[in-house]
Amino acid sequence: MYLKNSKKIVIKIGSSLLIDNKKNIRSKWLFEFSKDIKNLLKQNKKVIIVTSGAIAIGCKKLNLSKKNLKLEKSQAVASIGQIELMNLFNKSFNKNKINISQVLLTLDDTEQRRRALNAKRTFDNLFDLGFVPIVNENDTTATTEIKYGDNDRLASRVAQISSADILILLSDVDGLYTKNPKIDKSAELIKEIRNIDKNIEHISTKSTGEHGTGGMKTKIDAAKVCQLSGCTMAIANGLSLRPIQKILKDNNCTWFLPKVSKLDARKKWIISSISPKGELVIDDGAKSALKKGKSLLAAGIRKVIGKFNKGDHIKIIDKNYKECARGLSSFSSFEIMKIMGHHSNEIENLLGYISKSEVVHKDDMVEL
Ligand code: GLU
């Protein structure tokens, strides 16, 4: 139903769908999957595929185990595997006359507004040219601190940036169960989730397969990004042939429904940031001002947590450490330490130069 009504779809493929436990490439699966994509394209839907597998396929080629692979080595392995991965896609998709392109993204490409807009434009141009973008993280340059590390969250950010209606995370599980289905027979598949509450967070098991890095935790994180950007997300089992056709037929998966969101594109981008750099603890007065749609001023800030620069994403939290807003800071953490608690007209004296008076301007902020 959700899939039928959608116009732009992002589909994420986990490594375990492309390479099995015995390290065999599942070429037949990929060929059948490309038929699913052909069907979606015939219905004039726009499709972006986010695929994992560069490291897993690189490991296969080099006869290495993915476990205990050091970062520097995994960067080289990804470089070797990525071209193999694209060759596999090219072979299967060509047979169905689907044009594909490769897009490699880093965390900065989605977290910096200018670069995110650039990525959006590239996706739009690829659609105009009739190509299906195949996205992966640029694992060859990403280091631990500046890395997604999992394609679930990357896919959710790609869905948000490209204004997709639907994100489908295809992996080797049917969806989210009430209990761990591997150890408890009474576990039931949850069909629809509107609210990701503590209970849902708790039941999301941390199990990961040998090839994937995500597990359920990163899928729930991805769902949170989608909910805030007005995108419907599914976790579905992609192991069988023609997985998209299967979802359309039996709908045996978990759907996360978006929170109704009338935010403009820029605010959606702000709120779904993957990596806020710091936090500002504010007092009750500032909290109620934010609720009325006002900017955050230095006077209402009690504490600065973390180090960040001007323009970075930050969380705004109340005195009970409950998140109440997200925004882009107009000052660095160092500057805020100097001006917090002070009236705006004291800022120039305290810093020694003229600057803005709002620490987070209302246009750069989304209240939660
Ligand atoms: N980008 C990684 C790769 O292609 C996969 C990350 C993940 O497993 O989600 O190997």
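Conventions used here
- Residues numbered from 1 in each chain as written.
- Predicted model: local features only at pLDDT ≥ 70, side-chain atom pairs only at ≥ 80, totals over all residues.
- Heavy atoms only, no water.
- Salt bridge = Lys/Arg side-chain N within 4 Å of Asp/Glu carboxyl O.
- Helix = DSSP H or I, 4+ residues; strand = E, 2+ residues; numbered from the N terminus.
- Buried < 20%, exposed > 50% of the residue type's maximum accessible area, 1.4 Å probe, protein only.
- Pairing = 2+ DSSP bridges.
- Axes fitted to C-alpha atoms, helices over the stretch in contact; angles between N-to-C directions.
- Contact = heavy atoms within 4.5 Å.
- Core = buried A, V, L, I, M, F, W, Y, C linked by side-chain atoms within 4.5 Å.
- Polar contact = N/O pair within 3.5 Å; in protein donor to acceptor, adjacent residues only side chain to side chain.
- Expected span 1.5 Å × (residues − 1).

This next bit is on the pattern of salt bridges. This structure, assessed with the given rule, holds 20 salt bridges. Lys-12 serves as the salt-bridge partner of Asp-152, at 2.9 Å between the closest nitrogen and oxygen. In this pair, Asp-152 is assigned in helix α8 (residues 151-161) and Lys-12 in strand β1 (residues 8-13), connecting sequence segments 140 residues apart. With a relative accessible area of 1%, Asp-152 lands in the buried category. For Lys-12, a relative accessible area of 6% translates into the label buried. A salt bridge links Glu-32 to Lys-28, with the shortest nitrogen-to-oxygen separation between them at 3.7 Å.

As summarised here, the arrangement of the 5 strands in space is β11-β9-β12-β13-β15, forming an open sheet in which the pairing is mixed. Each of the sheet's edge strands pairs with one partner strand only, and the pair in question is β11 (301-305) and β15 (365-367). Neighbour to neighbour, the strand axes of the sheet diverge by 20° on average, direction disregarded. Taken together, the 5 bridges between strand β12 (residues 313-317) and strand β13 (residues 323-328) define a ladder with antiparallel strand orientation. Considered in β13, the bridge of Ile-314 is made with Gly-327.

Locating Ser-186 in the fold gives a position in the loop between β5 (166-171) and β6 (192-193). Remark: the alpha-carbon pair of Ser-186 and Lys-28, spanning 158 residues in sequence, is separated by 34 Å. Among all residues touching Ser-186, those that are not within four sequence positions of it are Thr-178 and Lys-179.

Once that is clear, we can look at the sheet that holds β5. Spatially, 8 strands are ordered β3-β4-β2-β1-β5-β7-β8-β6 in an open sheet, and the strand pairing comes out mixed. Each having just a single partner strand, β3 (100-105) and β6 make up the two edges of the open sheet. Each of β1, β2 (46-51), β3 and β4 (132-137) is contacted by helix α7 (residues 113-128), which is oriented at about 175° to β3, the strand it contacts most.

With that settled, the discussion passes to the pairing of β1. In regular strands, side chains alternate between the two faces of the sheet. Where burial is concerned, most of β1 is hidden: 6 out of the 6 residues are buried. Of the two faces of β1, both are covered, the one formed by Lys-8, Val-10 and Lys-12 as well as the one formed by Ile-9, Ile-11 and Ile-13. One ladder, built from 5 bridges, connects β1 with β5; its direction is parallel. For Ile-13, the partnering residue across the bridge sits in β5 and is Leu-170.

Even without a glycine there, the phi angle at Asn-44 is positive, about 65°. In this fold, Asn-44 is placed in the loop between α3 (27-42) and β2. The exposure class of Asn-44 is exposed, given its relative accessible area of 70%. Its identity as a non-glycine residue notwithstanding, Tyr-321 has a phi of 65°, on the positive side. Relative to the assigned elements, Tyr-321 resides in the loop between β12 and β13.

Our next topic: the pairing of β2. Counted residue by residue, β2 has 5 buried out of 6 residues, so it is predominantly covered. Pairing between β1 and β2: 6 bridges, direction parallel. Considered in β2, the bridge of Lys-12 is made with Val-50. Note: β2 against β4, 2 bridges, orientation parallel. In the strand pairing of β4, Val-50 is matched with Val-135.

The subject of this paragraph is the nonpolar core. Core analysis: the largest hydrophobic core is formed by 40 residues, its most contacted members being Phe-33, Ile-49, Phe-89 and Ile-168. The element that contributes the greatest number of residues to this core is helix α5 (residues 71-95), accounting for 7 residues. Apart from the residues lying within four places of it in its own chain, the contact partners of Phe-33 are Ile-11, Ile-13, Ile-49, Phe-93, Leu-170, Pro-243 and Ile-244. If you look at the next biggest cluster of nonpolar residues, it comprises 36 residues, including Ile-48, Ala-164, Leu-169 and Ile-190.

Inspection of the secondary structure assignment puts Asp-283 in the loop between β9 (278-282) and α13 (284-291). Residue classification places Asp-283 among the buried positions, given a relative accessible area of 18%. Taking the C-alpha atoms as reference, Asp-283 lies 9.0 Å from Ala-299; in sequence the two are 16 residues apart. In this structure the side chain of Asp-283 is engaged in a polar contact, spanning 2.8 Å, whose partner is the side chain of Arg-302.

On to α5, then. One turn of the α-helix equals 3.6 residues, which is why residues spaced by three or four share an orientation. Across its 25 residues, α5 extends 36 Å between first and last C-alpha, which sits within 8% of the 36 Å expected from 1.5 Å per residue. Buried within α5 we find Ser-74, Gln-75, Val-77, Ala-78, Gly-81, Gln-82, Leu-85, Met-86, Leu-88, Phe-89, Ser-92 and Phe-93. Two residues or fewer after α5 comes Lys-97, characterised by a positive phi angle close to 55°.

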